[in-house]
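Structural description and commentary
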Amino acid sequence: MIEVRLPSSLVALFPGTERRMTRPDVASVQALIETLDAEHPGMRDRLCEPGPVLRPYINLYVDGEPAELDSPLHPGATVHILPAVAGGASSL
Amino acid sequence: MTKRMLILVGTKKGGFILDGDEGRRQWSTRGPLNEGWPIRHLTSDRRTGTIYAGGGSEWYGPAVWRSDDLGASWSHSSQGLTYGEDGPAIETVWNVTPGADALYAGVAPAGLFRSVDGGLRWEHVKGLTDHPSRPTWQPGAGGLCLHSIVPHPSDPSKMWIAISAVGTFATEDGGETWEPRNSGVRADFLPETYPVTGQCVHKLVMAAGRPERLYQENHCGTYRSDDEGRTWVSLEDGLPSTFGFPMVAHPRDAETAYTIPLNGDSTGRYMPEGHAAVWKTTDAGDSWTDLRAGLPQEGAFLTVLREAMAVDPLTPHGVYFGTTSGELFGSDDEGATWRTIAEHLPSISSVETLVIDA
């Protein structure tokens, strides 16, 4: 099983999600996001821009290492999805 | 039947809803809603009471939010709200407007989207962004934003939209093709004062009961058209400046409209000399009266953005505006007197009203 850690700001957008979830093994980060999107429609659009590519201020780590959508996942991997810090952003 | 009245306020840190009644004297505030996302436009479909919020998160992108229970719970979607893999990423939603046939959303970079299922799935209205002038569209200081959507009240084939630093466009075939309608509108910031496109319209609205009459507040003046936007006449005589953002029309009288002039595009963009005022015409812009009673007249360096003024449909109707410094002012007597309704809100992007049966 893959352990998925979601940020609280994403959990707030999708009722039924939790900060810490496990999902069946899949081969890549993109496949994991597809799994999450199937369970919680719209989650892919919150994390990815068309392409798809990760949104500029969404950081994703596999076992603590920076990852992209095409990064492979091994059984038992831990995936952190984290919004980037944005101190000083004029829009905020 | 008694009425319940809501003021819908979009802010930089989420939507807020002020609950009141027909008396319009006591308000309770709910918010921040929408998980604190920057909300450019919090509005409603007055036919159904459904509330919509358009905005975008720095992290999670653009979305249209929907509430069927007056803001108690929300869903959000941006499915189809995209220019595709080869197009620019959509930054945020600037405007959400219900039409007779669909729900419409204006976004940045400028484009129009429509949804026939209440905002769950969106379809790009390509006819507008396929216009031959598209390569010349350049963003203004607020971005390349489609901020005004004006559907014809009875003919779904007709619609007007406005884009900052690009101008007003109209369709008469349901969005398949569009034509610029900027004749008579100045673009003082361009080498050619009266180009076909490039005008910096700030807000476009329709007069009540007269679909051929449009008003616009512009970077370079205030205008009226009586021929569906084909030609425009300047209304700036009698106003204290040629720069402002919001414009709203009376809910029933086509001769009456309101605007809030600011001191200029490069001099601070606040109310002239720090004296707060709303300006009203009752003769379709031939003359203007300043409305100040109850508004701060000293040190009020207030800025009101394009979507941040509204009227309500009651009689006499109310007028409301919100500032970038978080104050919400309201009048329940058509602008004659004003009160502070809320203070210390986040920077206000939009103000709308919704009246429903209690």
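Every chain's residues receive numbers from 1 upward, in the order its sequence appears when written. In the order they appear in the text, chains get letters beginning with A and ligands get numbers beginning with 1. Reporting of local features is limited, given that this is a predicted model, to residues whose pLDDT is at least 70; pairs of side-chain atoms are given and counted only at 80 or more, and all residues count toward the totals for whole chains, interfaces and linings.

A word on the sheet that holds strand S18 (residues 221–225) of chain B
Put simply, the test is: At least two bridges found by DSSP between two strands are what make those strands a pair. Numbering of helices and strands runs from the N terminus; a helix is a DSSP stretch of H or I covering at least four residues, while a strand is a stretch of E covering at least two.
On the basis of which strands lie adjacent, the open sheet formed by 4 strands has the order S16-S17-S18-S19 (chain B) and antiparallel pairing. Where the open sheet ends on each side, the last strands, each with one partner, are strand S16 (201–206) and strand S19 (233–234) of chain B.

Focus on the sheet that holds strand S21 (residues 257–262) of chain B
All names here are of chain B. What counts is decided by this rule: Helix axes are fitted to C-alpha atoms over the stretch in contact, other axes to C-alpha atoms as well, and angles between N-to-C directions run from 0 to 180 degrees.
In space, the 4 strands of this open sheet follow the order S20-S21-S22-S23, with antiparallel pairing throughout. A single partner strand is all that each edge strand has here, and the edge strands are strand S20 (243–249) and strand S23 (289–291). Neighbour-to-neighbour, the strand axes of this sheet turn through a mean angle of 30 degrees, independent of strand direction. Across 5 bridges, the pairing between S20 and S21 is antiparallel. The partner of alanine 249 across the bridge, within S21, is alanine 257.

Quick notes on the interface of chain A and chain B
What counts, and what does not: Throughout, a pair of residues is in contact if the C-beta atoms placed from their backbones lie within 7 Å. Three residue categories are used. Nonpolar comprises Ala, Val, Leu, Ile, Met, Phe, Trp, Tyr, Cys and Pro, charged comprises Asp, Glu, Lys and Arg, and polar comprises the others, including Gly.
Between chain A and chain B, the residue contacts involve 17 residues of the former and 14 residues of the latter. Counted by class, the side of chain A that touches chain B contains 9 nonpolar, 4 polar and 4 charged residues.

Regarding unusual backbone geometry
All names here are of chain B. Cis peptide bonds are those with omega within 30 degrees of zero, and the linkage from glycine 31 to proline 32 qualifies with 0 degrees. In this structure, proline 32 sits in the loop between strand S3 (28–30) and strand S4 (39–45). Threonine 315 connects to proline 316 through a cis peptide bond whose omega is -10 degrees. Locating proline 316 in the fold gives a position in the loop between strand S24 (309–311) and strand S25 (319–322).

Some details on the pairing of strand S26 (residues 328–331) of chain B
All names here are of chain B. Threshold: Residues are called buried when their C-beta atom has 20 or more other C-beta atoms within 10 Å, exposed when it has 12 or fewer, and partly exposed otherwise; all C-beta atoms are positioned from the backbone.
Going residue by residue along S26, you find Leu328 and Gly330 tucked away on one face and Phe329 and Ser331 tucked away on the opposite face as well. Bridging between S25 and S26 involves 4 bridges; their strand directions are antiparallel. Looking at the pairing, glycine 322 lines up with leucine 328 of S26. Hairpin connection between S25 and S26: a loop of 5 residues separates the two successive antiparallel strands, and glycine 326 in this loop has a positive phi of roughly 90 degrees. Inspection of the sheet shows S26 paired to strand S27 (residues 339–342) by 3 bridges, in the antiparallel sense. What sits directly across from glycine 330, in S27, is arginine 339.

As for the pairing of strand S8 (residues 92–98) of chain B
Residue and element names in this part refer to chain B. S8 sits mainly inside the fold: 7 of its 7 residues count as buried. Strand direction decides the pairing type here: S8 and strand S9 (residues 103–108), joined by 6 bridges, are antiparallel. Bridging across to S9, valine 93 finds its partner in valine 107. Between S8 and S9, which pair antiparallel in sequence order, lie 4 residues.

Here's the deal with the environment of B:Ile17
Residue and element names in this part refer to chain B. Its place among the elements puts isoleucine 17 in strand S2 (residues 14–21). Classification of isoleucine 17 as buried rests on a count of 21 C-beta atoms within 10 Å. Note: C-alpha distance between isoleucine 17 and threonine 29 (12 residues apart in sequence) is 5.8 Å. If near-sequence neighbours (up to four positions away) are discounted, isoleucine 17 is found in contact with Leu6, Leu8, Arg30, Gly31, Leu33 and Gly71.

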